Each structure stands twice: as C-alpha cells, then as structure tokens.
Amino acid sequence: MLKKLDDNNFDEHVRNGFKLVMFGSDMCHYCVKQEPVLEELAGGDINIGKIDAYKAPEVTRKYGVTSFPTFILFKFGDVMTRFSGYRNKSELLDIVLRYV
C-alpha cells in the first residue's frame, strides 16, 4: 500500500530507512498510470510514499519539484537520487536496488 504524504507527515516518513517518494498529481496522466506499478512494488519490501504536489506546496518547493511524476529516494532523510518521468516496474526496481 502506498503511504499518502503531505506537508505534515512527510519529514517523519522519510526520516528512517529507505523511502521512495513519488511527487505527482491526480490531474497528471502519467502519475495516474504510475500508481498501479507503485502499488505492486509497495506490496513487497519497498516502502513507497505518494505526495500530491498541489496539496503539499511546502515539501514540493523544498525539493524543487517542477515536473510530474518526480521520484526521490531517501535514506534516513537524505536524498540519494531523484528522477522524473513514468517508469515501469523493472526500471524502478533497478534504480532503488542501486542504492539499497
């Protein structure tokens, strides 16, 4: 299950362990298309959060997100990598496994 994030719970969520966060919007076609892939991955050992950038402007500005979907991989609150655009399951796994 994807963890829904906002300005209030974001910092607490990314503080511990490895966390992949997708910044997006319900109005973004690629973000909506990406969700089933994320749901599938989140059912395993990967901790994935989703943040609606329009509903969480502080966090979105803090990380300079300007396009959707944008992914940021955190390790104990530090940014390990970031990338944008739709990714299939194997692409996401490859990126995450490089840093875990």
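The structure presented is a predicted model; accordingly, all values stated were derived computationally and were not measured.

A. Focus on the environment of proline 57. Summarising the element assignment, proline 57 is placed in helix α3 (residues 57-62). For proline 57, a relative accessible area of 34% translates into the label partly exposed.

B. Fine view of unusual backbone geometry. The omega torsion of the bond from phenylalanine 68 to proline 69 falls at -15 degrees, within 30 degrees of zero and hence cis. Residue placement: proline 69 occurs in the loop between α3 and β4 (70-75). In this structure, phenylalanine 76 takes a positive phi of about 50 degrees despite not being glycine. Within the fold, phenylalanine 76 resides in the loop between β4 and β5 (78-84). Using a relative accessible area of 51% as the deciding quantity, one classes phenylalanine 76 as exposed.

About the cut-offs
- Residues numbered from 1 in each chain as written.
- Predicted model: local features only at pLDDT ≥ 70, side-chain atom pairs only at ≥ 80, totals over all residues.
- Heavy atoms only, no water.
- Helix = DSSP H or I, 4+ residues; strand = E, 2+ residues; numbered from the N terminus.
- Buried < 20%, exposed > 50% of the residue type's maximum accessible area, 1.4 Å probe, protein only.

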